[in-house]
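Structural overview
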Amino acid sequence: MAATELDQVVNLCKRRGFVYPSAEIYGGFRSSYDYGPLGSLMLRNVREAWIRTMVQQRDDVVLIDAAILAPPQVFEASGHLANFSDPLVDCTKCKQRFREDHLVELGGGPDLCPNCGAKGSFTAARAFNLMFKTYAGPVEGSGAEVYMRPETAQGMFVNFTNVQQTSRKKPPFGIAQVGKSFRNEITPGNFIFRTREFEQMELEFFVPPAESAKWYEYWCNARLQWYIDLGIPAEMLTLRPHDADELSHYSSGTSDIEFLYPWGWGELEGVAQRTDYDLTQHSNHSGQKLDYFDQANNERYIPYVIEPAAGVNRAMAAFLLAAYDEDEIDGEQRSILRLHPRLAPYKVAVLPLSKKDTLTPLARKIYASLADRYMVDYDDTQSIGKRYRRQDEVGTPLCVTVDFESLEDGAVTIRDRDTTQQVRVPIESLVGEVGARLGF
Ligand code: ATP
């Protein structure tokens, strides 16, 4: 994939209303983005595709929606307060980030970059906590601090007993959540790949300890397959196990699902074995039991956790990059998003051949019948060729053209985005035909 494709996708996103720089009229808010009419639809489609696979199609996973703000105790127990409070420096030459107190042991020195050897290239050290801290209530100060969650996961751990008892699930079972997380990233960038405010889709899957390795393997494969099923070519994905020195403090094994971004391979999703670390920590800190009593074997145990953790925005970036294509139709260049129909912002566009009053009522009626089920666009401006191009560029899988003959024969033309083939279909069977072609 050419590196220029990032620019092409970023430009398309801006031009067509997927993603805008945040607060652009004030000169932009660095590394922050707003999702426009099409981008917000696509984000929703990514979330819904995940919930469908991870919750709807399984009887062993339930969904929650926990608070974003949490008291310090949660992050004391999880280790986030201690682990994200280090002095960090950046090398301005090679862009690597280091803990200042690790420079010597990494083979550098107070003034020498251990990665590229540059001298005097460090930014000033910052005592850096990755979490955003704020205050609850009118008085700022100690006792009022709250944190914006840096991951959704803690919501599942602190609610483990509530959810397990109310849903009456037995391990192996999972708690899933989709929602915003916040990290005061030192080096955000690469478009929507890394931002300070982002959305995660996380599953905490609780298993008997002896089954941990089996489920870890299961989830690594299942999660990789999810991206392939939604249209990312297998050769643009890889599963990379972490080296021992990369592992998080809680993990006994992690693999990243990596995607081939225009700038190289990078993380798309992480699948971690978190052992019983989180439930044990929260149990110790809260004094509440967070375990499971297995009646069949008459034993009480703290479940082990397998965590597939994905990003909604990062997944959207990968889907867009993989789907972007250019080809030639009748000697004319077109750019096209070959998005899976589930992810495409609009599933169908209704295009009356003319704006004349004679056609509009029929076209509007057809629009309403399709919009009852799907997100549908309606476009009656400019030539039909231009309208097809516009829909191809935003990934709309099907166009329905209503022409003057439709008034006579009660039929319309369906045009396919990828093949550009057109077929005539009776209006009365249109909704069924569209459903069959979209595949859902
Ligand atoms: P990275 O090393 O790329 O910053 P991470 O290992 O810190 O990611 P995890 O803590 O494993 O990320 O979070 C799980 C997923 O959440 C990531 O795979 C990614 O899809 C998403 N994610 C994490 N941080 C960000 C961010 N700053 N912006 C956008 N998405 C993010």
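Look up: the structure comes first, before these words.
Reading the values: rules and limits
- Residues numbered from 1 in each chain as written.
- Predicted model: local features only at pLDDT ≥ 70, side-chain atom pairs only at ≥ 80, totals over all residues.
- Heavy atoms only, no water.
- Helix = DSSP H or I, 4+ residues; strand = E, 2+ residues; numbered from the N terminus.
- Buried < 20%, exposed > 50% of the residue type's maximum accessible area, 1.4 Å probe, protein only.
- Areas by Shrake-Rupley, 256 points an atom, 1.4 Å probe, with all protein chains shown as cover.
- Phe/Tyr/Trp six-rings, centres within 6.5 Å; stacked < 30°, edge-to-face > 60°.
- Lys NZ or Arg CZ within 6 Å of the ring centre and 35° of its normal.
- Pairing = 2+ DSSP bridges.
- Axes fitted to C-alpha atoms, helices over the stretch in contact; angles between N-to-C directions.
- Core = buried A, V, L, I, M, F, W, Y, C linked by side-chain atoms within 4.5 Å.
- Contact = heavy atoms within 4.5 Å.
- Arc of directions from axis to C-beta.
- Polar contact = N/O pair within 3.5 Å; in protein donor to acceptor, adjacent residues only side chain to side chain.
- Salt bridge = Lys/Arg side-chain N within 4 Å of Asp/Glu carboxyl O.
- Parallel < 35°, antiparallel > 145°, perpendicular 65-115°, else oblique.
- Nonpolar A, V, L, I, M, F, W, Y, C, P; charged D, E, K, R; others polar.
- Near = heavy atom within 4 Å.
- Disulfide = S-S within 2.5 Å.

**Points about the overall build of the protein chain**
A count of helical and extended segments in the protein chain gives 13 helices and 24 strands. The buried share of the protein chain, taken over its 440 residues, is 50%. Only carbon and sulfur atoms are counted for the fraction: they give 49% of the accessible area of the protein chain, which is about 20800 Å².

**With respect to the packing of aromatic side chains**
Evaluation of the coordinates by the stated rule reveals 21 aromatic pairs. Seen from their ring centres, F193 and W263 are 5.4 Å apart, and the 80° between their planes marks the pair as edge-to-face. In this pair, F193 is assigned in the loop between β10 (173-182) and β11 (197-207) and W263 in the loop between β13 (253-261) and β14 (264-275), connecting sequence segments 70 residues apart. Since its relative accessible area comes to 35%, W263 is described here as partly exposed. Taking 4.9 Å as the distance between ring centres and 85° as the angle between the ring planes, the aromatic pair formed by Y218 and W219 counts as edge-to-face. Taken together, the ring pairs in this structure connect F157, F160, F173 and F206 into an aromatic cluster. Here the basic side chain of R314 rests over the ring of F193, its NZ or CZ set 3.8 Å away from the ring centre. Here R364 stacks its cationic end above the ring of Y378, 3.7 Å away from the centre of that ring.

**What about the sheet that holds strand β21 (residues 376-378)?**
Spatial ordering of the open sheet is given by β21-β20-β22-β23-β24, a layout of five strands whose pairing is mixed. Edge positions in the sheet fall to β21 and β24 (422-426), since each has one partner strand and no second. The sheet shows a mean angle of 25° between the axes of neighbouring strands, direction not considered. With five bridges joining them, strand β20 (residues 348-352) and strand β22 (residues 398-402) adopt parallel strand pairing.

**Points about the nonpolar core**
Ranked by internal contacts, the top residues of the largest apolar core, which has 59 residues, are F18, V46, M201, W226, Y227, F259 and F319. Those residues in contact with Y227, other than ones at most four positions away along the chain, are I232, L237, I257, L268, E269, A310, A315 and F319. Core analysis: the second largest hydrophobic core is formed by 20 residues, V350, Y378, V400 and I414 among them.

**So, helix α6 (residues 160-167)**
Turn by turn, an α-helix covers 3.6 residues, leaving residues three or four places apart pointing in a common direction. For α6, every residue scored as buried is listed here: F160, V163 and Q164. Relative to the axis of α6, the buried residues are bounded by an arc of 100° and lie together on one face. Summarising the geometry of α6, the exposed residues directed more than 90 degrees from the buried face are N162, Q165 and T166. Buried residues belonging to α6 abut β3 (61-64), α5 (153-158), β10, β11, α8 (277-286) and β15 (292-294).

**Considering the side chain of S255**
Within the secondary structure layout, S255 lies in strand β13. By relative accessible area, S255 is classed as buried at 5%. A distance of 2.8 Å separates a polar atom in the side chain of S255 from a polar atom in the side chain of Y216. In this view, S255 contacts Y216, C220, L239, R240, P241, H242, E269, G270 and V271; residues no more than four positions away in its chain are not counted.

**Examining the pattern of salt bridges**
Per the counting criterion, the structure on display carries 29 salt bridges. Ionic pairing is found between R274 and D278, a salt bridge with its closest N-O pair at 2.9 Å. Overall, D278 belongs to the buried group, its relative accessible area being 2%. A network of salt bridges, in which partner residues are shared, links D325, D327, E332, R334, R338, R389, D392, R415, R417 and D418.

**What about helix α11 (residues 384-393)?**
Buried within α11 we find R387, Y388, R389, Q391, D392 and E393. In the segment just after α11, G395 is the residue with positive phi, at about 85°.

**Some points on the packing of helix α2 (residues 37-56) against helix α9 (residues 312-323)**
Close contact between α2 and α9 brings their axes to 10 Å; oriented N to C, the two are set at 105°. On the basis of their axis angle, the class for α2 and α9 is roughly perpendicular. Side by side, α2 and α9 meet where G39, M42, L43, V46 and R47 of the first sit next to V312, N313, A315, M316, F319 and L320 of the second. Class assignment for the residues of the contact of α2 with α9 results in eight nonpolar, two polar and one charged.

**Points about the site of the ligand**
The immediate surroundings of the ligand are formed by 15 residues, with E185, R194, T195, E267 and R314 found nearest. Note that an oxygen atom of the ligand is positioned 2.9 Å from one of the side-chain N or O atoms of R183. Burial of the ligand by the protein amounts to 81% of the accessible area it has alone, namely 580 Å². Every element with two or more residues in the shell around the ligand is listed here: β11, β14 and β17 (304-311).

**As for unusual backbone geometry**
A negative phi angle is the norm for most residues apart from glycine, just as the trans form is the norm for most peptide bonds. Omega for the peptide link from P171 to P172 comes to 0°, which places this bond in the cis form. If you trace the backbone, P172 turns up in the loop between α6 and β10.

**Focus: the sheet that holds β10**
One open sheet accounts for seven strands, arranged β3-β10-β11-β17-β14-β13-β12; its pairing is mixed. The outermost strands of the open sheet, each flanked by one partner alone, are β3 and β12 (237-241). For this sheet, the mean inter-axis angle between neighbouring strands, taken without regard to orientation, is 25°. In terms of strand pairing, β3 meets β10 through four bridges, oriented parallel. Within β10, the position partnered with I64 by the bridge is Q177. Packing of α9 onto the sheet brings it into contact with β10, β11, β13, β14 and β17, and relative to β11 it is tilted by some 105°.

**Observations concerning the state of the cysteines**
For the structure shown, the criterion picks out zero disulfides. Here C13 is not disulfide-linked; the sulfur of C399 is the nearest cysteine sulfur, at 19 Å.

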